[in-house]
Amino acid sequence: MILEGVSVIRWHVVLRFLSYVVCGEAFALLIPLGLALRYGDAGREPLLLSLALTTATAILLYYFSRRPDEELYHKEGLLLVTVTWVTICALGALPFWLSPHFPGLTEALFESISGFTTTGATVLTSVEALPRSLQFWRCFTHWVGGMGIILLGIAILPLIGVGGIELYQAEFSGARSEKLTPRIAETAKALWRIYVLFSVVEYFFLRLAGMDWFESLCHTFSTMGTGGFSTRNNSVEAFQSPAVEAVIIAFMLLAGINFTLHYHLLIRRNYRRVIEDSELHFYVITAAAATLAIAASLFFAMGARSGDAFRRALFQVSSIMTTTGFSSADFEVWPPLAQLILVALMFAGGCVGSTAGGLKAARILLLLRAVGRQFHQLVGRRGVFIIRLSGEPIRESTIQGLLNLIYLAFLVNIAASLILTA
């Protein structure tokens, strides 16, 4: 029975969990629909029909499943991560597909997947032509996808009788993950509370900086989700506001930090845990060094004023390193050195456990220390060299898994580049 349970996927568990997540997406669609009804914009019909189809999907999934009374197996946790993301992205594309602003299903799926995965790429030539309700939904997908559909699901798993530890491990299989509270659902809720708190604070400061309520809300969603969708064709550059840029810079950098550190700082008041974090040190030093290098390049190669050079460099470093994608200047005309630094930052990304993408700072740091250890072993062949992160020893299996992951990431990037080139 144990072997059978491990090898056979229990689809009733998958379908029941999926029905609750899809139901959550249906509730999320009510927000832009209410906006469309309030302002009477052209997004009303696409959103109404999308809501109906999403609700029907949730009901069907619930009907063809039964209440699970067992714990998830690891294989089922991995499957749920994949199936949930695919389903949410597909249903999230419905408002775009049913809108005349997107030529077909492919474009609608591209926009939805880009939103929920916080990639930030778009097929639109004019974002400003979209109705407000669809602009809102577009940015809202960043906010939901930033913290993660799966993490949201973990918070409701105890309500449906399923443990969430397998999903947690499947979603956060990085260099290091930690449970902040004894119960996994409490962990998810703690992280969401911090996420919402930061979002409210950023919205407040963007309003003070001069944005209207709608654009403040949309840019808050995109910033905290580190996605980069904007309500303007020229992104943040369109506002020409140093105050707006300063607020967005601060919260992009905060969103790129491991949310467990925010928890230790804000909830537990464990300042030492934050100060001694090696990944945070590497993240801050990398951002500062890249900013100074790019600012110097703009100052000497393009003759930009020192203040403007620093501001533009800091904004783009924060945006690219956290994989947000906002722009405050046309960096395509920047010197090659500045562009190359930005490309490198794009691969590096933010911290593990943040909403940012990329390889993550902890993995880059561990890779550097693994390479350094190899040189030390060449000199001291009989020495025992232990790699540590924030004072904690890292297991050899973790190092090997890290090297495999980085190798696979570069392989996929090279293969994708060759395919696109062809």
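In this text, all values refer to a predicted model and were calculated from it rather than measured experimentally. (Residues numbered from 1 in each chain as written. Predicted model: local features only at pLDDT ≥ 70, side-chain atom pairs only at ≥ 80, totals over all residues. Heavy atoms only, no water.)

## Structural notes on the packing of aromatic side chains
Geometrically, a pair of aromatic rings is defined through the distance of the ring centres and the angle of the planes. The following threshold applies: Ring geometry is summarised as follows: Phe, Tyr and Trp rings, the Trp one being its six-membered ring, pair when their centres sit within 6.5 Å, and such pairs are stacked at plane angles under 30 degrees, edge-to-face over 60 and tilted between the two. Secondary structure elements are defined from DSSP: runs of H or I of at least 4 residues count as helices, runs of E of at least 2 residues count as strands, and each element is numbered from the N terminus. To sort residues, take the accessible area from a 1.4 Å probe on protein chains only and compare it with the maximum for the residue type: under 20% means buried, over 50% means exposed, and anything in between is partly exposed. Comment: the charge-over-ring label is applied if NZ (Lys) or CZ (Arg) is within 6 Å of the ring centre and within 35 degrees of the ring normal.
Evaluated as defined, the whole model comprises 21 aromatic pairs. For the pair tryptophan 143 and tyrosine 195, a centre-to-centre distance of 5.2 Å together with 25° between the ring planes defines the contact as stacked. Residue tryptophan 143 is found in helix H7 (residues 132–147), and its partner tyrosine 195 is found in helix H10 (residues 184–208); the two are separated by 52 residues along the sequence. A relative accessible area of 13% means that tryptophan 143 is categorised as buried. Ring centres of tryptophan 192 and tyrosine 195 lie 5.3 Å apart, and the angle between their planes is 80°; on these two criteria the pair is classed as edge-to-face. Taken together, the positions of tryptophan 192 and tyrosine 195, both in helix H10 and three residues apart, correspond to about one turn of that helix. The burial state of tryptophan 192 is the same as that of tyrosine 195; both residues are buried. Across from the ring centre of tyrosine 39, 5.2 Å away, lies the NZ or CZ of arginine 38, which sits over that ring. Taking NZ or CZ as reference, arginine 138 lies 3.9 Å from the ring centre of phenylalanine 229, over its face.

## Points about the packing of helix H15 (residues 278–302) against helix H18 (residues 361–379)
What counts here: Think of each axis as a best-fit line through the C-alpha atoms, taken over the contacting stretch in the case of a helix, with angles from 0 to 180 degrees between the N-to-C directions. Oblique is the label for any angle not covered by the other classes, which are roughly parallel (under 35 degrees), roughly antiparallel (over 145) and roughly perpendicular (65 to 115). Contacts are assigned to residue pairs with any non-hydrogen atoms lying within 4.5 Å of each other. Throughout this entry, Asp, Glu, Lys and Arg are counted as charged residues, while Ala, Val, Leu, Ile, Met, Phe, Trp, Tyr, Cys and Pro are counted as nonpolar. The remaining residues, Gly among them, count as polar.
Packing of H15 against H18 leaves a shortest axis separation of 9 Å and a crossing angle of 95°. Judged by the inter-axis angle, H15 sits roughly perpendicular to H18. Note on element contacts: H18 touches H15 through Ala361, Ala362, Ile364, Leu365, Leu368 and Arg369, opposite Ser278, Glu279, Phe282 and Tyr283. Grouping the amino acids of the contact of H15 with H18 by side-chain chemistry returns seven nonpolar, one polar and two charged.

## Thoughts on helix H16 (residues 306–321)
Every α-helix carries 3.6 residues per turn, so stepping three or four residues along brings you back to the same face. As a reminder, the rule being used: Expected span of a helix: the number of residues minus one, times 1.5 Å.
Between its terminal C-alpha atoms H16 stretches 22 Å, which fits the 22 Å expected from 16 residues at 1.5 Å a residue. Listing the buried residues of H16 in full gives Ala309, Ala313, Phe315, Gln316, Val317, Ser318, Ser319, Ile320 and Met321. The secondary structure elements touched by the buried residues of H16 are helix H12 (242–255), H15 and helix H17 (336–348).

## A look at the pattern of salt bridges
Spelled out, the test is: Salt bridge, as used here: a side-chain nitrogen of Lys or Arg that lies within 4 Å of a carboxyl oxygen of Asp or Glu.
Per the counting criterion, the structure on display carries 10 salt bridges. A salt bridge links glutamate 276 to arginine 272; the nearest nitrogen and oxygen atoms lie 2.7 Å apart. On the accessibility criterion, glutamate 276 (41% relative accessible area) is partly exposed. Where arginine 305 meets aspartate 308, a salt bridge forms, and the shortest distance between an N and an O atom there is 2.9 Å. Taken together, the shared-partner salt bridges connect Glu245, Arg305, Asp308 and Arg311 into one network.

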